[in-house]
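Chain by chain, the residues run as shown.
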2 protein chains.
Amino acid sequence: MSDVMAIGGLSRKTGVKVPTIRYYESVGLLPAPHRTEGNRRLYDTKAVDRLRFIRHARELGFEVDAIRELLNLAEQPQRSCAKVDALAREHLQAITSRIERLTALKVEVEGMIKACTKGRIAKCRIIDTLSHHEHCLHREH
Amino acid sequence: MSDVMAIGGLSRKTGVKVPTIRYYESVGLLPAPHRTEGNRRLYDTKAVDRLRFIRHARELGFEVDAIRELLNLAEQPQRSCAKVDALAREHLQAITSRIERLTALKVEVEGMIKACTKGRIAKCRIIDTLSHHEHCLHREH
DNA sequence: GCTACAATCTCTAGCGACTAGAGGAGCAAG
DNA sequence: CTTGCTCCTCTAGTCGCTAGAGATTGTAGC
């Protein structure tokens with residue numbers, strides 16, 4: 001197995017699309033790799049690991065800025081991982097509040113749909129609810 | 001109470017920012033209003049209602065395309081509201097699947113954080129988990 | 001060596017739903 | 001009359017990519 005590959009090889013190994021890899025380079029998640037004489041990017045297995053890390057963090061919903069920080073931290077093995085923990089907790093908090101918000105929306109929309117009597121639009125409870133916020137269970141959205 | 005107002009008045013009455021109102025006009029959610037001689041937009045109470053409808057639907061997470069459809073339907077009171085019902089159900093489905101996905105992420109991130117022993121990054125379970133997808137509970141994210 | 005064709009390069013623009021800012025004109029109050 | 005607010009249009013930025021144009025490089029078959 002060759003441990004040096006072009007961008008297409010890296011793409012196949014990680015499942016990350018070629019333009020996305022270039023994008024990650026442009027935003028500083030991946031370092032600019034060596035190039036061939038013909039100006040093509042050459043990657044080694046370290047790049048594979050790093051890209052898998054990025055990909056996995058993205059799948060878990062971490063934002064690019066957070067991933068940049070995580071990558072920096074990962075390169076300083078002797079440091080305390082308190083910062084890493086904090087970043088993860090921050091992310092967890094963001095996920096939790098998104099879930100809460102969506103759940104509240106779900107309740108409202110479900111209520112709207114249940115009220116629908118499948119009649120004419122003139123009497124449509126859904127249209128009506130959308131027109132009048134005060135019909136909502138919660139005012140805070 | 002004057003029933004004709006400039007864009008700032010409409011903004012104050014609905015809580016929608018001025019540039020957002022102009023944006024809604026540009027994407028066809030609000031019709032182009034009459035103008036004064038000095039080229040300023042003039043709105044009436046119908047615009048207030050329509051904007052409140054838009055705003056409320058947005059707060060409930062409906063996308064602009066769906067809102068455009070809902071507004072068209074709302075203008076045809078004699079039609080059956082089956083389409084409205086379908087749009088709402090579609091939206092509910094989207095909310096539900098977003099919640100499911102986020103809940104799965106939450107479980108993973110919580111697991112990661114719990115595994116953290118607050119030591120050095122070299123042994124950090126969070127960094128480790130991010131590096132190795134196979135440590136995850138579910139493979140499908 | 002020559003010819004296809006695939007892979008890669010850079011650059012620009014698009015998505016959705018706004019938001020921010022520049023630079024200029026209109027308008028009411030002091 | 002001038003200050004200061006509101007309004008106008010236009011452009012560009014946000015986020016994380018994705019799609020495409022047009023040019024170049026590399027490779028496989030003949």
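A few words on the overall build of chain A. When helices and strands are tallied, chain A shows six helices and two strands. The linear arrangement of helices and strands in chain A, starting from the amino end, is α-α-β-β-α-α-α-α. Projecting the C-alpha coordinates of chain A onto the three principal axes gives extents of approximately 70 × 40 × 25 Å. For chain A, with 141 residues in total, the buried portion stands at 26%.

A separate point is the relation of the copies chain A and chain B. Mapping chain A onto chain B calls for a screw motion: a turn of 180° about the axis and a shift of 0.0 Å along it, with 0.3 Å RMSD after fitting. Both copies of the chain, as the preceding transformation shows, are related through a two-fold rotation axis. Among all C-alpha atoms of chain A, that of A:Ile99 lies closest to the rotation axis, at 2.8 Å.

All names here are of chain A. Counting through the fold element by element, Leu 137 comes out in the segment after helix 6 (125-131). Leu 137 sits 33 residues away from Ala 104 along the chain, and the two C-alpha atoms are 9.4 Å apart. Residues contacting Leu 137, with those up to four places away along its chain left out, are Val 107, Glu 108 and Gly 111.

Turning our eyes to something else, we now look at the interface of chain A and chain B. The interface of chain A with chain B comprises 50 residues on the first partner and 50 residues on the second. At the level of elements, helix 3 (45-59), helix 4 (64-74), helix 5 (82-115) and helix 6 of chain A are the ones that each hand at least two residues to the side of chain A that touches chain B. At 20 residues, the largest contribution of residues to the side of chain A that touches chain B is made by helix 5 of chain A. When grouped by side-chain class, the residues that make up the side of chain A that touches chain B number 26 nonpolar, 12 polar and 12 charged.

The next thing to look at is the protein's contact with DNA strand C. The environment of DNA strand C is made up of 19 residues, and the closest members are A:Ala6, A:Gly8, B:Gly38, B:Glu63 and B:Val64. At the level of elements, helix 1 (7-14) and helix 2 (18-26) of chain A together with helix 2 (18-26) of chain B are the ones that each hand at least two residues to the surface near DNA strand C. Among the residues forming the surface near DNA strand C, the class breakdown is six nonpolar, six polar and seven charged.

It is worth spelling out the confidence of the model for chain A at this point. Detailed reading of predicted coordinates is not advised where the pLDDT is low. For chain A, mean pLDDT is 91; residues scoring 70 or higher make up 96% of the total. Ranking the elements of chain A by mean pLDDT puts helix 6 of chain A last, at 90, and strand 2 (residues 41-42) of chain A first, at 98.

In the region of DNA strand D, 21 residues are neighbours, and A:Gly38, A:Glu63, A:Val64, B:Ala6 and B:Gly8 sit closest. Those elements that provide at least two residues to the surface near DNA strand D are helix 2 of chain A together with helix 1 (7-14) and helix 2 of chain B. Looking at the surface near DNA strand D residue by residue, the classes come out as six nonpolar, seven polar and eight charged.

What follows deals with helix 3 (residues 45-59) of chain B. For helix 3 of chain B, spanning 15 residues, the distance from its first C-alpha to its last is 21 Å, which sits close to the expected 21 Å at 1.5 Å a residue. Those residues of helix 3 of chain B that fall on the buried side of the exposure criterion are B:Ala47, B:Arg50, B:Leu51, B:Phe53, B:Ile54, B:His56 and B:Ala57. Each element contacted by the buried residues of helix 3 of chain B is listed here: helix 6 of chain A together with helix 1, helix 2 and helix 4 (64-74) of chain B. One or two steps after helix 3 of chain B, the chain reaches B:Gly61, where phi turns positive at roughly 90°.

Residue and element names in this part refer to chain A. By secondary structure assignment, the location of Arg 41 is in strand 2. Classification of Arg 41 by C-beta neighbours within 10 Å gives buried; the count is 20. Taking the C-alpha atoms as reference, Arg 41 lies 9.7 Å from Gly 8; in sequence the two are 33 residues apart. For Arg 41, the contacting residues outside a window of four places in its chain are Ala 6, Ile 7, Pro 33 and Arg 35.

What follows deals with the environment of B:Asp65. Along the chain, B:Asp65 falls in helix 4. When the C-alpha positions of B:Asp65 and B:Arg79 are compared, they lie 20 Å apart, and in sequence the two are 14 residues distant.

Take unusual backbone geometry next. Residue and element names in this part refer to chain B. Phi is positive for Asn 39, which is not a glycine, with a value near 75°. Along the chain, the position of Asn 39 falls in the loop between strand 1 (34-35) and strand 2 (41-42). A positive phi angle, near 60°, is found at Lys 118, a position not held by glycine.

The rules we used
Within each chain, residues carry numbers counting from 1 in the order of the written sequence. Written order decides the labels, with chains lettered from A and ligands numbered from 1. pLDDT decides what is reported in this predicted model: residues at 70 or higher carry local features, side-chain atom pairs at 80 or more are listed and counted, and totals for whole chains, interfaces and linings draw on all residues regardless. By definition, any uninterrupted DSSP run of H or I lasting at least four residues is a helix, any uninterrupted run of E lasting at least two residues is a strand, and each is numbered from the N terminus. Counting other C-beta atoms within 10 Å of a residue's C-beta gives its exposure: the residue is buried at 20 or more, exposed at 12 or fewer, and partly exposed in between, where C-beta atoms are placed from the backbone. The superposition of copies rests on a least-squares fit of C-alpha positions from residues with pLDDT of 70 or more in both. We call two residues in contact if the C-beta atoms placed from their backbones are at most 7 Å apart. When residues are sorted by character, Ala, Val, Leu, Ile, Met, Phe, Trp, Tyr, Cys and Pro go into the nonpolar class, Asp, Glu, Lys and Arg into the charged class, and all the rest, Gly among them, into the polar class. Each residue receives a C-beta atom placed from its backbone. It is near a molecule or strand if this atom lies within 6 Å of it. Confidence of the predictor in every single residue is expressed as pLDDT, which spans 0 to 100. One fewer than the residue count of a helix, multiplied by 1.5 Å, yields its expected span.

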